Every structure is written in C-alpha cells, then in structure tokens.
Amino acid sequence: MHARGRKDRRGSIEEPSRSRIALIAVIAWWVAVLSGALAWQLLNRSLADPPARWQARIGTWLAGFAILGQLIGIGAAIGAVLRDRGRVRVGAALLLLLPVTGVVAIWIGVSSTVVNPIDLLMPAWLVIGGTVLLIGSLLIVVPARLGLE
C-alpha cells in the first residue's frame, strides 16, 4: 500500500482532507440543482408563451444536464463514501440521501395528489433537500484546518 498525501515540514506524510471524487460529487449535485431549477423556470415560461420555442428547447437540455449531474453526483458520492473517511464520508453519505428524499417526495406526492392537492410537500422537500445538500457540501468542501476534522 502506498502513502497518500503530501509531506509536511517535518517530513511526515499528511492525509489529504478529501478526495477529488468527493469534490466532483459536490460540483455535480450543485450543477444538477441549478440546471434543474433553470429548466423548471424555462419550461414553465414556454408553456405560458407557446411561440417562445427556444425556452422549451433550452429547458429540455437543462433538464437533461440536471439528470446527468444527478447520475454523476450519485456515482461520485458512492465513491467518496467508499474512499474517504471522517466528515467527508458523512458529507458524501448526506449527498446520497438526496435521491432517497426525492423518491419519497415523489411517492407521497403521487399518492396525495387526489386526496389533498394543496399540501406542503414540495416546499418541505425543497427545504429538506436544500438543507441536506448544503450540510453535505460544507462537510466536504470546508478545509480540515478549520477544526472540522
């Protein structure tokens, strides 16, 4: 087994605070969220103004990028959970909760649409998903020297 990391002033090898795969997971999830939000807005506008076909095309492409970002984010988060340790592993595990919360929200949403069409499911899912994404990102991105290790 070879040593990972770089040498410090005393010549001992420091462990890196996080792997590149964990950073890829964070970037991919944020790209997925931002492109998904933009796609949602553009597709809504294209339905309100049918002659603006460019909004529908761009919105469809952005939705595809959101799906691609999610797939990359899931794969990279799995890799980070297997490779990293400590707070980075916890952050990657939190990123893996995002698709699970989405599936639960979809399941509840489909089953409650007929019974209660005006419920707080979507805002609740946005708050929970946003909180999980923010905390997971901070656990991975914040440097270890700030005392979070």
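Residues numbered from 1 in each chain as written. Predicted model: local features only at pLDDT ≥ 70, side-chain atom pairs only at ≥ 80, totals over all residues. Heavy atoms only, no water.

A. Molecular detail of the overall build of the chain. For the chain, the count of helices and strands is 4 helices and 2 strands. Walking the chain from its N terminus toward its C terminus, one meets helices and strands in the order β-β-α-α-α-α. Of all 149 residues assigned to the chain, the portion counted as buried reaches 27%. Contacts spanning at least 24 positions in sequence make up 66% of the contacts within the chain whose residues lie at least 6 apart. (Helix = DSSP H or I, 4+ residues; strand = E, 2+ residues; numbered from the N terminus. Buried < 20%, exposed > 50% of the residue type's maximum accessible area, 1.4 Å probe, protein only. Contact = heavy atoms within 4.5 Å.)

B. Fine view of the environment of leucine 43. Within the fold, leucine 43 resides in helix H1 (residues 20-48). The class for leucine 43 is partly exposed, based on a relative accessible area of 30%. Separated by 17 residues in sequence, leucine 43 and threonine 60 have C-alpha atoms that sit 7.5 Å apart.

C. Spatial organisation of the packing of aromatic side chains. Taken as a whole and assessed by the stated rule, the structure comprises 1 aromatic pair. Arranged with centres 6.1 Å apart and planes meeting at 40°, the rings of tryptophan 61 and phenylalanine 65 form a pair that is tilted. Taken together, the residues tryptophan 61 and phenylalanine 65, both in helix H2 (residues 53-83) and 4 residues apart, mark about one turn of the helix. For tryptophan 61, a relative accessible area of 62% gives the class exposed. (Phe/Tyr/Trp six-rings, centres within 6.5 Å; stacked < 30°, edge-to-face > 60°.)

D. Spatial organisation of H2. In a regular helix each residue adds 1.5 Å, so 31 residues correspond to 45 Å; H2 covers 45 Å between its end C-alpha atoms and thus fits that length. Where H2 is concerned, the buried positions are Gln55, Gly59, Leu62, Ala66, Gly69, Gly73, Ala76, Ala77 and Ala80. (Expected span 1.5 Å × (residues − 1).)

E. Expanded view of the nonpolar core. Formed by 14 residues in total, the largest nonpolar core has its most connected members in Ala22, Ala25, Trp29, Leu95, Leu98, Leu133 and Ile140. Going through the elements one at a time, H1, H2, helix H3 (87-112) and helix H4 (121-141) are the ones with two or more residues in this core. (Core = buried A, V, L, I, M, F, W, Y, C linked by side-chain atoms within 4.5 Å.)

F. Spatial organisation of a nonpolar patch on the surface. Residues Ile24, Trp61, Phe65, Leu68 and Ile72 make up a contiguous nonpolar surface patch of roughly 530 Å² in combined accessible area. Ranked by the residues each element gives to the nonpolar patch, the list is headed by H2, at 4 residues. Topologically, isoleucine 24 is positioned in helix H1. Residue classification places isoleucine 24 among the partly exposed residues on the basis of a relative accessible area of 40%. (Patch = residues over 30% accessible without salt bridge, like charges linked within 9 Å, V, L, I, M, F, W, Y side chains within 5 Å. Areas by Shrake-Rupley, 256 points an atom, 1.4 Å probe, with all protein chains shown as cover. Salt bridge = Lys/Arg side-chain N within 4 Å of Asp/Glu carboxyl O.)

G. Local environment of the side chain of serine 137. Inspection of the secondary structure puts serine 137 in helix H4. For serine 137, a relative accessible area of 6% puts it in the buried group. Those residues in contact with serine 137 that lie beyond four places of it in its chain are Val26 and Trp30.

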